[in-house]
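Summary of structural features
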Amino acid sequence: GSQRGCSAASAPFAPQHFGMAAAGDERWECKVMQSKEKAWAEKTDAERAVTAAIFAVKIMLVLALIYMFIISLGLMGSAFKILGGKTAGATFRNNEVFDNPVAGLMMGILATVLV
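How each quantity is defined
- Residues numbered from 1 in each chain as written.
- Predicted model: local features only at pLDDT ≥ 70, side-chain atom pairs only at ≥ 80, totals over all residues.
- Heavy atoms only, no water.
- Helix = DSSP H or I, 4+ residues; strand = E, 2+ residues; numbered from the N terminus.
- Buried < 20%, exposed > 50% of the residue type's maximum accessible area, 1.4 Å probe, protein only.
- Contact = heavy atoms within 4.5 Å.
- Areas by Shrake-Rupley, 256 points an atom, 1.4 Å probe, with all protein chains shown as cover.
- Salt bridge = Lys/Arg side-chain N within 4 Å of Asp/Glu carboxyl O.

**A few points about the overall build of the chain**
Scanning the chain from terminus to terminus reveals two helices and two strands. Helices and strands in the chain line up, N terminus first, as β-β-α-α. When burial is assessed residue by residue, the chain has 9% of its 115 residues classed as buried. Excluding contacts between residues fewer than 6 apart, the proportion of contacts in the chain whose partners are at least 24 apart in sequence is 38%. Carbon and sulfur atoms provide 69% of the accessible area of the chain, an area that totals close to 9800 Å².

Structure below.
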């Protein structure tokens, strides 16, 4: 496929809009990427089947990865509950670091990020 550039003047945040660069500055040229794949109407039945199968596999993989991510969050939460338990609560209550409100806030943020 051919690539064509767009004018620097058409870029909304180009420096020449703010008087910072000349209109012919080539750093602001952009290239339009075009696919080299055949159009759907030009594909044979076998090519259409392969394209549809690849698309379906991609969708299933995305759903599987999202499912695994959600399961891992649940496992991580369970692990913190098991590891923490009553001992962690007693440790946090009896620690002089938490007498300082800023340190308590930072530890709370850290615990929230970890959970």
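After that view, the rundown keeps rolling.
**Quick word on the pattern of salt bridges**
Applying the stated criterion to the full structure yields two salt bridges. E37 is the partner of K43 in a salt bridge, and the nearest nitrogen-oxygen pair spans 2.5 Å. By relative accessible area, which is 10% here, K43 ends up buried. Given a relative accessible area of 51%, E37 falls into the exposed group. Where E47 meets K38, a salt bridge forms, and the shortest distance between an N and an O atom there is 3.3 Å. Here K38 falls in the partly exposed class, since its relative accessible area comes to 42%.

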